[in-house]
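Read off the chains here:
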Amino acid sequence: ILGIYEKNRFKSDLPESNHYVGKVAPEPLMVKENNVQYATYLNEGWMTGIFLDQHEVRGRLVDGLAMGKRVLNMFSYTGAFSVAAAFGGASSTTSVDLAKRSLEKTKEQFAVNGFTLENHKIHVMDTFDYFRYAKKKGLQYDVIVLDPPSFARNGKKVFTVAKNYGDLITESLPILADKGMIVASTNASNVTVAKFKKMIEKSFQAAHVKYRLIESYQLPADFVANEKYEESNYLKVFIYQKL
């Protein structure tokens, strides 16, 4: 071990600067996961460039879930799902995130893996604005990844997983190809597995779209959760197929 970083993600009187022991991490620090390279930045606060709790889901994209498919990655952050899909043979990827930093960060992730952007688009815009744009243009996708933050604000608009996740499913269905898949994900600890599943399926049913649940994930084995405290196993991922 060359060094260890501590990130304070709670209210504290401690300064917000990085706390570490040992060597300062290089910029970028390259992380290899499922044979994919990710450029991370441990000295840039909380948002280091990759959420490691999703490595199993990214692994499925690498291992063939995205093979030959058109992939839309909403709330894409640094494009980790997009790069995993590209590595797994996706015919194209589209990454959408409102944060301006997402553009250069996502370009970098493709670059460090030797991909050009010829078949990989990156849009800095609001998710719901992109849904409207895609419908207007008649775009279709075979895989749509929906992994929003638990809470987000864009001007006067507020999004919370607990209240609004179903809207993401509703807006995705018109641009989801036949037999297409939705990777529905949240890290919201205040939403139970049962509630999250119900929100998703209620949106399918309201749109009169038939579906089947094909895979589900929670935290991988290398993330410790307390069986007696359900909120500690905060990650919930369901993969649904449109029939």
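Preceding block: the structure.
Residues numbered from 1 in each chain as written. Predicted model: local features only at pLDDT ≥ 70, side-chain atom pairs only at ≥ 80, totals over all residues. Heavy atoms only, no water.

Enumeration according to the criterion identifies 13 aromatic pairs in this entry. With a centroid separation of 5.5 Å and an interplanar angle of 45 degrees, the aromatic rings of Tyr130 and Tyr133 are classed as tilted. Within this pair, Tyr130 and its partner Tyr133 are both found in helix 4 (residues 127–137), separated by 3 residues, close to a single helical turn. A residue is classified by how much of its surface remains accessible, and Tyr130, at 1% relative accessible area, is buried. On the basis of relative accessibility, which here comes to 35%, the residue Tyr133 falls in the partly exposed class. Where Phe204 meets Tyr240, the ring centres are 5.6 Å apart and the plane angle is 35 degrees; that geometry is what we call tilted. Taken as a pair, Phe204 in helix 6 (residues 193–206) and Tyr240 in strand 13 (residues 236–242) lie far apart in primary sequence, 36 residues in all. (Phe/Tyr/Trp six-rings, centres within 6.5 Å; stacked < 30°, edge-to-face > 60°. Helix = DSSP H or I, 4+ residues; strand = E, 2+ residues; numbered from the N terminus. Buried < 20%, exposed > 50% of the residue type's maximum accessible area, 1.4 Å probe, protein only.)

Within the secondary structure, Leu52 is located in the loop between strand 4 (36–40) and helix 1 (55–65). Here Leu52 falls in the partly exposed class, since its relative accessible area comes to 44%. Sequence-wise, Leu52 and Ser91 are 39 residues apart; in three dimensions their C-alpha atoms are separated by 25 Å. Leu52 has contacts with Glu33, Arg58 and Phe223, leaving out every residue within four places of it along the chain. (Contact = heavy atoms within 4.5 Å.)

Interaxial distance between helix 1 and helix 2 (residues 80–87) falls to 6 Å at its minimum, and their mutual angle equals 30 degrees. Taken together, helix 1 and helix 2 sit at an angle that is classed as roughly parallel. Note that helix 1 runs across helix 2; the crossing there is right-handed. Note on element contacts: helix 2 touches helix 1 through Ala80, Phe81, Ala84, Ala85 and Phe87, opposite Val57, Arg58, Leu61 and Val62. For the contact of helix 1 with helix 2, the per-class residue count stands at 8 nonpolar, no polar and 1 charged. (Axes fitted to C-alpha atoms, helices over the stretch in contact; angles between N-to-C directions. Parallel < 35°, antiparallel > 145°, perpendicular 65-115°, else oblique. Left-handed = near helix turned anticlockwise from the far one by under 90°. Nonpolar A, V, L, I, M, F, W, Y, C, P; charged D, E, K, R; others polar.)

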